[in-house]
Amino acid sequence: LAQPLEAKIRNTLAGLRTEGDVLVFVPGMREMLAVKEKIGDQFGEVHLLHADLPREEQDRTLGKIGRRKIILATNIAESSVTIPGIRIVID
């Protein structure tokens, strides 16, 4: 049986051996919310990055924090997003 997307992402995050922030591309908002619910803050601080995000929230998402960031973004952002600190991309 195929695993749901959020389970695949959770398992991938659990297997990471590299330090640094993670950018995860998902198909849409519904999937972002499902992944966020599934992983909680187990692997780092989770942030959503999408077109409707207010500028101040975007700045907070893109800023530096004291622990690993897991940024969930839609594939539409794939060609236009450069985020400082990202060491791992899951697509």
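Residues numbered from 1 in each chain as written. Predicted model: local features only at pLDDT ≥ 70, side-chain atom pairs only at ≥ 80, totals over all residues. Heavy atoms only, no water.

1. Here we look at the overall build of the protein
Here comes step 1: Scanning the protein for helices and strands turns up three helices and four strands.
Here comes step 2: Put simply, the protein runs from its N terminus to its C terminus through helices and strands in the order α-β-α-β-α-β-β.
Here comes step 3: The C-alpha radius of gyration computed for the protein amounts to 12 Å, which stays within 12% of the reference 12 Å derived for 91 residues, consistent with globular compactness.
Here comes step 4: In terms of its C-alpha atoms, the protein occupies a principal-axis envelope of roughly 40 × 25 × 25 Å.
Here comes step 5: Here the protein holds 91 residues, and 37% of them are scored as buried.
Here comes step 6: By sequence separation, contacts in the protein at least 24 residues apart represent 67% of the contacts at least 6 residues apart. (Helix = DSSP H or I, 4+ residues; strand = E, 2+ residues; numbered from the N terminus. Rg over C-alpha atoms; globule rule 2.2 N^0.38 Å. Buried < 20%, exposed > 50% of the residue type's maximum accessible area, 1.4 Å probe, protein only. Contact = heavy atoms within 4.5 Å.)

2. Observations concerning the sheet that holds strand β3 (residues 69–74)
The strands that make up a sheet pair up through hydrogen bonds in the backbone, lying either parallel or antiparallel.
Here comes step 1: Strand order across the open sheet formed by four strands is β2-β3-β1-β4, with parallel pairing between neighbours. A single partner strand is all that each edge strand has here, and the edge strands are β2 (45–49) and β4 (86–90). Across the sheet, the mean angle from the axis of one strand to that of its neighbour is 25°, orientation sign disregarded.
Here comes step 2: Bridge analysis of strand β1 (residues 21–26) against β3 gives five bridges, and the strand direction is parallel. Counterpart to Leu-23 in the pairing with β3 is Ile-71.
Here comes step 3: Its contacts with the sheet place helix α3 (residues 55–62) against β2 and β3, and it is angled at close to 135° to β2. (Pairing = 2+ DSSP bridges. Axes fitted to C-alpha atoms, helices over the stretch in contact; angles between N-to-C directions.)

3. Points about the confidence of the model for the protein
Here comes step 1: The share of residues in the protein with pLDDT of 70 or more is 92%, and the mean pLDDT across the chain is 87.
Here comes step 2: No element of the protein has a lower mean pLDDT than α3, at 84, and none a higher one than helix α1 (residues 5–14), at 94. (pLDDT = per-residue confidence, 0-100.)

4. Overview of the environment of Asn-75
Here comes step 1: Turning to its location among the elements, Asn-75 is positioned in the loop between β3 and β4.
Here comes step 2: Among the residues examined, Asn-75 registers a relative accessible area of 34% and is labelled partly exposed.
Here comes step 3: Ignoring any residue separated from it by four or fewer positions in sequence, one finds Asn-75 in contact with Phe-25, Val-26, Pro-27 and Asp-91.

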